[in-house]
Amino acid sequence: MKLQIITGKIQRAQRVCFYGVESVGKTTLAAKAPAPLFLDVENGTSHLDIPRVATPTWAALNEAVRELATEKHDFKTIVLDSIDWAERLNHEALKEEKKIKSLEEIPYGKGFTMAAERMARFLGSLDLLIEAGIHVVLIGHAQVKRQEPPDQVLPYDRYELKLTKQASPLVKEWVDHLFFLNFKTRVVESESGKAKGRGGKERIILTSHSAAYDAKTRSALAEELPMEWASIESLFVSSVPAKVPVPQISPLDILKATFKDKGDEITAFLRYRGKIGEDQQWTDAPLDYIAQVHATPSKFLDAVDAWKASCVEQA
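Just so it is clear, the structure is predicted and the values come from calculations on it, not from any experiment. (Residues numbered from 1 in each chain as written. Predicted model: local features only at pLDDT ≥ 70, side-chain atom pairs only at ≥ 80, totals over all residues. Heavy atoms only, no water.)

Trainee: For this particular structure, what's the right way to read empty space enclosed by the protein?
Mentor: In this approach the atoms are scanned with a rolling probe the size of a water molecule, which exposes any empty space left behind. On inspection of all chains with the given rule, the structure shows one cavity of 30 Å³ or more. Taken as a whole, the largest cavity spans an internal volume of roughly 30 Å³. Lining the largest cavity are Leu39, Leu61, Val65, Ile78, Val79, Leu80, Phe122, Leu126 and Val136. Elements supplying a minimum of two residues to the lining of the largest cavity: helix 2 (58-70), strand 4 (77-81) and helix 4 (110-131). At three residues, the largest contribution of residues to the lining of the largest cavity is made by strand 4. (1 Å grid on protein atoms, 1.4 Å probe; cavity = no way out; pocket = protein on both sides within 12 Å on 5 of 7 lines; lining within 4 Å. Points joined across faces, edges and corners; volume = space filled by probe spheres on them. Helix = DSSP H or I, 4+ residues; strand = E, 2+ residues; numbered from the N terminus.)

Set out below in structure tokens:
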């Protein structure tokens with residue numbers, strides 16, 4: 001076998017997440033990205049003159065991503081506003097499908113595990129945009145969480161993405177850059193000897209991991225930057241050629257990205273249903289059946305999960 005070795009930097013679209021405190025300007029900053037289209041999950045873009053698509057349901061959000069990844073358009077950046085509201089839509093859809101009022105009704109925490117698996121598949125579908133040369137920017141809200149690391153004597157508070165503990169690591173691993181947006185403040189000692197905060201108007205981008213907040217970057221950016229588009233513009237300018245043709249992606253290609261971690265389970269399910277032979281893989285299923293699955297992938301995966309659960313019970 002001959003290995004094809006590639007050297008040097010590879011240009012591709014960027015996966016970025018802006019998260020931060022309330023009213024710091026996350027959406028306004030994202031609106032300065034190259035040719036953006038907003039997937040306006042939380043209806044938070046009314047103050048901006050930007051193109052947007054309303055995605056009030058989990059199904060509508062997934063369909064919008066599939067359409068943008070497979071059809072020609074002039075947008076260079078897709079902005080999801082916001083990822084935590086998208087997770088909320090995911091949970092609502094799952095509760096409706098399972099006819100429950102809370103994910104906690106599914107025992108052993110499996111409800112949140114199922115929701116996290118759906119979020120992982122959603123991130124996989126966003127990769128189709130990346131492959132098409134389209135940047136993806138996720139906007140997120142921040143929450144303060146108590147940390148008690150085993151190598152520290154005292155606990156401390158830290159800013160993190162406002163996501164469940166199951167979904168948060170998936171998003172943080174998926175993005176290339178996790179930027180924390182905040183107001184810069186200084187703590188000074190007053191005449192009485194008490195600590196007093198000063199500033200609070202200057203806005204900054206924090207790019208590197210800290211005990212006080214979560215952040216990361218795959219670039220050589222400074223740890224602290226002014227909250228201006230010029231501070232991060234080089235990431236977007238140098239990542240993708242000026243004109244990238246959007247490829248025509250087949251339903252099978254989309255499902256390969258969506259189902260990339262469940263191939264064995266799906267193959268076994270389709271063999272059980274007689275859709276493929278014992279020596280075939282799920283990707284060998286008839287094209288008309290693939291098209292049906294592509295239309296409602298979430299329902300198909302629910303059927304696979306239900307079949308898998310029934311097999312476990314029978315065993």
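Trainee: Would you take a moment to explain the environment of Leu154 for this structure?
Mentor: Within the secondary structure, Leu154 is located in the loop between strand 5 (135-147) and strand 6 (156-161). The sequence separation of Leu154 and Glu22 amounts to 132 residues, and the corresponding C-alpha distance is 28 Å.

Trainee: So what exactly am I meant to see when it comes to the packing of aromatic side chains here?
Mentor: The relation between two aromatic rings is expressed through the spacing of the ring centres and the mutual angle of the planes. Under the counting rule described, the total for this entry stands at twelve aromatic pairs. Ring centres of Phe180 and Tyr213 lie 5.4 Å apart, and the angle between their planes is 20 degrees; on these two criteria the pair is classed as stacked. Residue Phe180 is found in strand 7 (residues 177-189), and its partner Tyr213 is found in the loop between strand 8 (195-206) and strand 9 (224-226); the two are separated by 33 residues along the sequence. In this pair, the class of Phe180 matches that of Tyr213, namely buried. Ring pairing ties together the aromatic residues Phe259, Phe269, Tyr272, Trp282, Tyr289, Phe300 and Trp307, which thus form one cluster. The residue whose ring lies beneath Arg88 is Trp85, and the NZ or CZ to ring-centre distance is 4.4 Å. (Phe/Tyr/Trp six-rings, centres within 6.5 Å; stacked < 30°, edge-to-face > 60°. Buried < 20%, exposed > 50% of the residue type's maximum accessible area, 1.4 Å probe, protein only. Lys NZ or Arg CZ within 6 Å of the ring centre and 35° of its normal.)

Trainee: Would you take a moment to explain the nonpolar core for this structure?
Mentor: Most often, soluble globular proteins have nonpolar side chains that are buried together. Ranked by internal contacts, the top residues of the largest apolar core, which has 67 residues, are Phe18, Leu80, Leu126, Leu129, Leu138, Phe179 and Ile232. Looking at this core, the element that brings in the most residues is helix 4, giving seven residues. Contact partners of Leu138, with chain neighbours within four places excluded, come to Val16, Cys17, Phe18, Leu80, Ile83, Leu126, Val171, Trp174 and Val175. Leu252, Ile266, Phe269 and Trp307 belong to the second largest nonpolar core, which has 16 residues in total. (Core = buried A, V, L, I, M, F, W, Y, C linked by side-chain atoms within 4.5 Å. Contact = heavy atoms within 4.5 Å.)

Trainee: Can you walk me through the environment of Asn90 in this structure?
Mentor: Along the polypeptide, Asn90 turns up in helix 3 (residues 83-98). On a C-alpha basis, the gap between Asn90 and Thr57 in space is 8.1 Å, while along the polypeptide they are 33 residues apart. With residues up to four places along the chain from it excluded, the contact list for Asn90 reads Trp58, Ala115, Arg118 and Met119.

Trainee: Would you mind going over the pattern of salt bridges with me for this structure?
Mentor: Enumeration according to the criterion identifies 17 salt bridges in this entry. With a shortest N-O distance of 2.9 Å, Asp157 and Arg146 are connected by a salt bridge. Taken together, the residues span a long stretch of sequence, with Asp157 in strand 6 and Arg146 in strand 5 at a distance of eleven residues. Residue Arg146 is classed as exposed on the basis of its relative accessible area, which comes to 51%. Residues Arg218 and Asp176 are paired through a salt bridge, measuring 3.1 Å at the closest nitrogen-oxygen approach. Placement of Arg218 in the loop between strand 8 and strand 9 and of Asp176 in the loop between helix 5 (168-174) and strand 7 is noted, with a sequence separation of 42 residues between them. The exposed category is assigned to Arg218, whose relative accessible area is 56%. Connected through shared salt-bridge partners, Arg12, Arg15, Asp127, Asp176 and Arg218 make up one network. (Salt bridge = Lys/Arg side-chain N within 4 Å of Asp/Glu carboxyl O.)

Trainee: Please clarify how the pairing of strand 2 (residues 36-40) should be interpreted in this entry.
Mentor: Looking down a regular strand, the side chains alternate between one sheet face and the other. Of all five residues that make up strand 2, five are buried, and the element is covered over most of its length. Going residue by residue along strand 2, you find Pro36, Phe38 and Asp40 tucked away on one face and Leu37 and Leu39 tucked away on the opposite face as well. Sheet topology places strand 2 next to strand 3 (residues 52-54); three bridges connect them, and they run parallel. Each residue of the ladder has a partner; that of Phe38, found in strand 3, is Arg52. (Pairing = 2+ DSSP bridges.)

Trainee: Looking at this structure, how should I read helix 4?
Mentor: Note: α-helices contain 3.6 residues per turn, so residues at a spacing of three or four share the same orientation. Spanning 22 residues, helix 4 covers 32 Å between terminal C-alpha atoms, matching the ideal 32 Å at 1.5 Å per step. Counting buried positions along helix 4 gives 16 out of 22 residues, so the element sits mostly inside the fold. In the segment just after helix 4, Gly133 is the residue with positive phi, at about 85 degrees. (Expected span 1.5 Å × (residues − 1).)

Trainee: Honestly, the environment of Phe112 in this entry has me stumped. Any pointers?
Mentor: Along the polypeptide, Phe112 turns up in helix 4. Residue Phe112 is classed as partly exposed on the basis of its relative accessible area, which comes to 24%. Measuring from C-alpha to C-alpha, the distance between Phe112 and Thr217 comes to 28 Å, with 105 residues separating the pair along the chain. Every residue in contact with Phe112, bar those within four places of it in the chain, is listed here: His91, Leu103, Glu104 and Gln166.

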